[in-house]
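Architecture and fold: a report
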Amino acid sequence: MATRDELVVVLRGRYAGGNRAERGRILDEFSAVTGFHRKHAMRLLRGGVPNQRSGTRPGRQIYDDAVRGALIVIWEASDRICGKRLQALVPIMLEAMERHGHLVLEPEARKGLLAMSAATMDRALRNVRGQAGGRSRRRTAPSAAIRRSVPVRTFSDWGDPAPGFVEADLVAHSGPVTKGSFVQTLTLTDIATGWTECAPLLVREQGLLTEVLTELRKRLPFPLLGFDTDNDSVFMNETVRDYCQVAGIIFTRCRPYRKNDQAWVEQKNGAVVRRIVGYRRFEGVVAAAALAELYVSVRLFVNFFQPSFKLAEKTREGAKVRKRYHPPATPYQRLMADPRASGEVKRRAEEQQTKLDPVRLLSDIRAAQQRLVEISDASDTVGANERPSLEAFLGGLRTAWQEGEVRPTARLKQKAKRLRRRPDPFAAVTDQVHGWFEIEPWRTSRELFDRLQAEQPDVYTAGQLRTLQRRMKGWRREVAHRMVFGATTASEITPAAVPTGPNR
């Protein structure tokens, strides 16, 4: 754009002084080089200032503070999703929150909230969002014979399957170190509806995996028809293969080192598991039980009150890929709209949806997240934080954005303060050196250190001078404090006067 502006400045004089034929040639060349429309190019060459922007238009406030306040409450109750997904969720959340008595709106405010576009929601929440502030190690290689017996299914092979064909993957909760045993999450994502189920695995063991898979099949609103996994050894074994054969489940796998073949479940690993659970390390039965309790509420909140995008088509034009998506919808909505789902499946899902309270579910999720953080950090205050009541949690939705990050699992673990790691070399002579300093406070650290070395030769080395300098810096701060404020107690001295660190 800067080059185009320079070209406008250069050609404007020639264009103004030329005749009709010359102006036509200049206009043709200018339009060909810049790609501007001919009329727009004529306006620029006639004297218009390039890239001149008019001032901000006077604000037209269509939605009042009541609508914006209700939007913030629904945005918080939906776990802070984007505007495009939020627009599709507002009618559902509004009906559910009004049904449970969490939200009462005037007819004008309710009408305005339902008429608000996704872009307007993003603009209304821009300031609110601004203030709200490893890969697992590969184990033993799976058996080549088992892999040959399991057919490969790529991303393009799915087509449009009926509800019941899922992709599965494991998410490791190992923290920064993969050493030892830690809890993992088994994630199932339905291709047709996006329905997602999660469950913790205490250890990586194929027998335990089939037991957890049996429990997840009971939670699914539709029968499990297909089971697609990666080439991990916990999936590629005779136990899982025979389990699928007996249950009549089509067992397939992706290509090795092609994660895009499992794009559906990989997206849910980040959008659901990592977003809700975070990246801390969880190990042991207690952590697995707390994680299972969390997923009880997460599955209902995600599948009934979290809209998501679904890819409709993808076309390639040279190096550019164009993607088109279906309108945002919850997995429950896609299940109800799918004609291949049976009437009994839809009836049970509808009965369950009418009983759900999204605000209570989010409150349960926050409490379970806090419990997980306390277990992972192993703090001495486990259970000390009382869970707020549903009324207090609902009231906090209006101002929760002011506190920044509200998910406990997304907050960083506080590092312990680093204390002294070596013995204090001046422990025996601190009183003596401090007495010298009190008598002659103008003496430098080097002078007092030389005096100490003269009295006790071969005891203190030159490398310990820096330690004495930090010690005397605290003493000088104490003297300055007394000169300004008078006598004071040691507890009133700033903690910075006390030297810390590995070499102090």
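All values derive from a computational prediction rather than experimental measurement. (Residues numbered from 1 in each chain as written. Predicted model: local features only at pLDDT ≥ 70, side-chain atom pairs only at ≥ 80, totals over all residues. Heavy atoms only, no water.)

The subject of this paragraph is the overall build of the chain. The helix and strand tally for the chain stands at 20 helices and seven strands. Dimensions of the chain, computed from the C-alpha atoms along their principal axes, are close to 95 × 85 × 60 Å. By the burial criterion, 43% of the 504 residues in the chain qualify as buried. Carbon and sulfur atoms form 52% of the exposed surface of the chain, whose accessible area is close to 28,300 Å². Placing the 84 positive and 57 negative side-chain charges of the chain at their respective mean positions leaves the two points 7 Å apart. (Helix = DSSP H or I, 4+ residues; strand = E, 2+ residues; numbered from the N terminus. Buried < 20%, exposed > 50% of the residue type's maximum accessible area, 1.4 Å probe, protein only. Areas by Shrake-Rupley, 256 points an atom, 1.4 Å probe, with all protein chains shown as cover. Lys, Arg positive; Asp, Glu negative; His and termini not counted. Charge placed at Lys NZ, Arg CZ, Asp CG, Glu CD.)

One open sheet holds the five strands; their spatial order is S3-S2-S1-S4-S5, and the pairing between them is mixed. Of all strands in the sheet, those bounded by a partner on one side alone are strand S3 (196-201) and strand S5 (250-253). Strand after strand, the sheet turns through a mean of 25° between neighbouring axes, direction not considered. Two strands pair when backbone bridges link them, and strand S1 (residues 165-172) and strand S2 (residues 184-190) are joined in this way by seven bridges, in the antiparallel orientation. Across the sheet, Glu167 pairs through a bridge with Thr189, a residue of S2. (Pairing = 2+ DSSP bridges. Axes fitted to C-alpha atoms, helices over the stretch in contact; angles between N-to-C directions.)

Here the focus is the pairing of S5. The side chains of a regular strand alternate between the sheet's two faces. In this sheet, S5 lies alongside strand S4 (residues 226-229) in parallel orientation, the contact comprising four bridges. Looking at the pairing, Thr229 lines up with Arg253 of S5. In this view, the connection linking S4 to its parallel neighbour S5 by way of helix H11 (residues 238-247) has right-handed handedness. (Right-handed = clockwise from strand over helix to strand, strands pointing away.)

Turning our eyes to something else, we now look at the side chain of Thr189. Residue placement: Thr189 occurs in strand S2. Residues in contact with Thr189, not counting those within four places in the same chain, are Phe165, Val166, Glu167, Gly194, Trp195, Thr196, Trp264, Val265 and Lys268. (Contact = heavy atoms within 4.5 Å.)

This part covers the nonpolar core. Grouped together as the largest cluster of nonpolar side chains are 90 residues, with contacts concentrated most on Ile74, Leu86, Met97, Leu186, Phe227, Leu294 and Phe305. Broken down by element, the residue count for this core peaks at 12 residues, all from helix H13 (residues 285-305). Once residues lying within four places of it in the same chain are set aside, the contact partners of Met97 are Val73, Ile74, Ala77, His102, Leu103, Pro358, Val359 and Leu394. If you look at the next biggest cluster of nonpolar residues, it comprises 14 residues, including Phe426, Leu448, Phe449 and Leu452. (Core = buried A, V, L, I, M, F, W, Y, C linked by side-chain atoms within 4.5 Å.)

Right, let's get into the pattern of salt bridges. Applying the stated criterion across every chain, the model contains 28 salt bridges. For Glu344, the salt bridge identified is with Arg347, shortest N-O distance 2.4 Å. Here Glu344 and its partner Arg347 are both found in helix H15 (residues 343-354), three residues apart, which amounts to about one turn of the helix. Judged by its relative accessible area of 38%, Glu344 is partly exposed. Members of the salt-bridge network, linked through shared partners, are Asp79, Arg275, Arg366 and Arg407. (Salt bridge = Lys/Arg side-chain N within 4 Å of Asp/Glu carboxyl O.)

To describe a pair of aromatic rings, you give the distance between the ring centres and the angle between the ring planes. Summed over the entire model, instances satisfying the criterion amount to 10 aromatic pairs. With a centroid separation of 5.8 Å and an interplanar angle of 20°, the aromatic rings of Phe155 and Trp264 are classed as stacked. Of this pair, Phe155 sits in the loop between helix H9 (144-149) and S1 while Trp264 is found in helix H12 (residues 263-277), placing the two residues 109 residues apart along the sequence. You can call Phe155 partly exposed: its relative accessible area is 25%. Measuring from ring centre to ring centre gives 6.2 Å for Phe227 and Phe235, while their planes differ by 65°; the resulting arrangement is edge-to-face. Among the residues examined, Phe227 registers a relative accessible area of 1% and is labelled buried. Between Arg153 and the ring centre of Trp158, over which it is positioned, the NZ or CZ distance is 4.2 Å. The positively charged end of Arg451 is found above the aromatic ring belonging to Trp436, 4.1 Å away from the centroid. (Phe/Tyr/Trp six-rings, centres within 6.5 Å; stacked < 30°, edge-to-face > 60°. Lys NZ or Arg CZ within 6 Å of the ring centre and 35° of its normal.)

Before going further, it helps to examine the state of the cysteines. One pass over the full model with this rule turns up zero disulfides. In this structure Cys244 is a free cysteine whose sulfur lies 15 Å from that of Cys254, the closest cysteine sulfur available. (Disulfide = S-S within 2.5 Å.)

Right, let's talk about a nonpolar patch on the surface for a bit. A contiguous nonpolar patch, built from Leu202, Val203 and Val285 and spanning about 230 Å² of accessible area, is present on the exposed surface. Within the element layout of this structure, Val203 appears in the loop between S3 and helix H10 (206-219). Classification of Val203 by relative accessible area gives partly exposed; the value is 36%. (Patch = residues over 30% accessible without salt bridge, like charges linked within 9 Å, V, L, I, M, F, W, Y side chains within 5 Å.)

Right, let's talk about the layout of surface pockets for a bit. The space that makes up the second largest pocket amounts to roughly 830 Å³. Every residue lining the second largest pocket is counted, 40 residues in all, and those nearest its centre are Ala263, Trp264, Gln267, Phe309 and Tyr325. When residues of the lining of the second largest pocket are traced back to their parent elements, those giving at least two are S2, H12, H13, strand S6 (308-317), strand S7 (320-329) and helix H14 (331-337). In terms of residue count, the dominant contributor to the lining of the second largest pocket is H12 (eight residues). Among the residues making up the lining of the second largest pocket, the classes are represented as 17 nonpolar, 10 polar and 13 charged. (1 Å grid on protein atoms, 1.4 Å probe; cavity = no way out; pocket = protein on both sides within 12 Å on 5 of 7 lines; lining within 4 Å. Points joined across faces, edges and corners; volume = space filled by probe spheres on them. Nonpolar A, V, L, I, M, F, W, Y, C, P; charged D, E, K, R; others polar.)

A word on the packing of helix H18 (residues 430-439) against helix H20 (residues 465-485). At a closest axis distance of 11 Å, the pairing of H18 and H20 adopts a crossing angle of 50°. Taken together, the axes of H18 and H20 lie oblique to each other. The chirality of how H18 crosses H20 is right-handed. Counting all contacts with H18, which are made through Thr430, Val433, His434, Phe437 and Glu438, the residues of H20 involved are Leu468, Arg471, Met472, Trp475, Arg476, Val479 and Arg482. When its residues are assigned to classes, the contact of H18 with H20 shows six nonpolar, two polar and four charged. (Parallel < 35°, antiparallel > 145°, perpendicular 65-115°, else oblique. Left-handed = near helix turned anticlockwise from the far one by under 90°.)

The end-to-end C-alpha distance of H13, which contains 21 residues, comes to 30 Å, matching closely the 30 Å that a straight helix rising 1.5 Å per residue would cover. Along H13, the largest kink reaches about 25° and is centred on Ser297. In terms of burial, H13 is largely enclosed, as 15 of its 21 residues are buried. (Expected span 1.5 Å × (residues − 1). Bend = angle between axes of the 7 residues up to and from the residue.)

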